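Chain by chain, the residues run as shown.
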Amino acid sequence: TQLLEQSPQFLSIQEGENLTVYCNSSSVFSSLQWYRQEPGEGPVLLVTVVTGGEVKKLKRLTFQFGDARKDSSLHITAAQPGDTGLYLCAGLIKAAGNKLTFGGGTRVLVKP
Amino acid sequence: DTAVSQTPKYLVTQMGNDKSIKCEQNLGHDTMYWYKQDSKKFLKIMFSYNNKELIINETVPNRFSPKSPDKAHLNLHINSLELGDSAVYFCASSQGGSPPGELFFGEGSRLTVL
């Protein structure tokens, strides 16, 4: 059983559409990070959220941290082919000894 | 300049062999990690070193032995390779110990055991 569940596992959309991916846990996150990984490369940090209810924007990407700090979402507006990749959430959970624990990832494919 | 570099990028070997993967970071970070990413893309921490000292050792078979000669290097040696060891191994570094900040990952080393 994973501490962090990401959904959906796979998402295929057309260029210009919007999408949302989710990261959930039954535990409270001390903080949560979102990474994007492209084929043949390592994950690269997109954002870190710390405060419950926090919303951060990175161009067309909007990250939201749940009020109870148990969940997070990533919303992409007007997706482009360059947004294609594996999106990983990683959380610090006290129940896991404050180690950074990764979710299983959501693979996003944006078709032109 | 590559921040976190690991070699080799690809490794194909027979069951039972011993192999090593090397990692170096030029970011001046104190903490380095080894992660294993399986075929389902699940990324799982294996080891973490802070200033050459082991601080995280997950339930990894003792065939896996990390070595940190200095805080800029963290190597991974694997003895008696098994089929299930096939995966992509990522080295990463971060500034500070616990809790970690941003992780900077290498490009990964894809290990295939035949």
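In what follows, the accompanying structure is described. (Residues numbered from 1 in each chain as written. Chains lettered and ligands numbered in written order. Predicted model: local features only at pLDDT ≥ 70, side-chain atom pairs only at ≥ 80, totals over all residues. Heavy atoms only, no water.)

A closer look at the overall build of chain A
And then number 1: Broken down by element type, chain A carries zero helices and eleven strands.
And then number 2: Ordered by position in the sequence, the α and β elements of chain A form the string β-β-β-β-β-β-β-β-β-β-β.
And then number 3: Over its C-alpha atoms chain A spans a radius of gyration of 13 Å, differing by no more than 12% from the 13 Å that the globule rule assigns to 112 residues.
And then number 4: Overall size of chain A, expressed as C-alpha extent along the three principal axes, is 40 × 30 × 20 Å.
And then number 5: Within the span of chain A, comprising 112 residues, buried residues form 46% of the whole.
And then number 6: Taking as baseline every contact in chain A between residues at least 6 positions apart, the subset at least 24 positions apart corresponds to 55%. (Helix = DSSP H or I, 4+ residues; strand = E, 2+ residues; numbered from the N terminus. Rg over C-alpha atoms; globule rule 2.2 N^0.38 Å. Buried < 20%, exposed > 50% of the residue type's maximum accessible area, 1.4 Å probe, protein only. Contact = heavy atoms within 4.5 Å.)

With respect to the side chain of Ser68 of chain B
All names here are of chain B.
And then number 1: Within the fold, Ser68 resides in strand β7 (residues 64–70).
And then number 2: Residue classification places Ser68 among the buried positions, given a relative accessible area of 15%.
And then number 3: At 3.1 Å, the side chain of Ser68 and the backbone oxygen of Asp70 are in polar contact.
And then number 4: A distance of 2.9 Å separates the side chain of Ser68 from the backbone oxygen of His73, its partner in a polar contact.
And then number 5: Apart from residues lying up to four places away in sequence, Ser68 is in contact with Tyr49, Lys52, His73 and Leu74. (Polar contact = N/O pair within 3.5 Å; in protein donor to acceptor, adjacent residues only side chain to side chain.)

A short note on the interface of chain B and chain A
And then number 1: With 19 residues of chain B in contact, the opposing surface of chain A contributes 19 residues.
And then number 2: With both sides pooled, the region where chain B packs onto chain A buries about 1500 Å², and carbon together with sulfur makes up 61% of that total.
And then number 3: It is Lys41, Phe42 and Leu43 of chain B in chain B that bury the most area against chain A; as a group they hold 29% of the surface buried on that side.
And then number 4: On inspection of chain B and its partner chain A, the count reaches zero salt bridges. (Buried area = accessible area lost by both parts, 1.4 Å probe. Salt bridge = Lys/Arg side-chain N within 4 Å of Asp/Glu carboxyl O.)

Some remarks on the state of the cysteines
And then number 1: This model, assessed by the stated rule, comprises two disulfides over all chains.
And then number 2: Bridging Cys23 of chain A to Cys89 of chain A, the disulfide has an S-S length of 2.0 Å. Across the S-S bond linking Cys23 of chain A and Cys89 of chain A, the dihedral sits near 75°, which makes this disulfide right-handed. Placement of the pair is Cys23 of chain A in strand β3 (residues 19–24) and Cys89 of chain A in strand β9 (residues 85–93), with a sequence separation of 66 residues.
And then number 3: Overall, the relative accessible area of 0% leaves Cys89 of chain A in the buried class.
And then number 4: Paired by a disulfide, Cys23 of chain B and Cys91 of chain B hold their sulfur atoms 1.9 Å apart. On the sign convention where negative means left-handed, the S-S torsion of about -80° between Cys23 of chain B and Cys91 of chain B marks this disulfide as left-handed. (Disulfide = S-S within 2.5 Å.)

Thoughts on the nonpolar core
The nonpolar side chains of a soluble globular protein tend to be buried, and buried together.
And then number 1: Grouped together as the largest cluster of nonpolar side chains are 23 residues, with contacts concentrated most on Leu19, Leu32, Trp34 and Leu74 of chain A.
And then number 2: Contributions of two or more residues to this core are made by β2 (10–14), β3, β4 (29–37), β5 (44–49), β7 (61–65), β8 (71–76), β9 and β11 (106–111) of chain A.
And then number 3: Core analysis: the second largest hydrophobic core is formed by 20 residues, Leu11, Met32, Trp34 and Cys91 of chain B among them. (Core = buried A, V, L, I, M, F, W, Y, C linked by side-chain atoms within 4.5 Å.)

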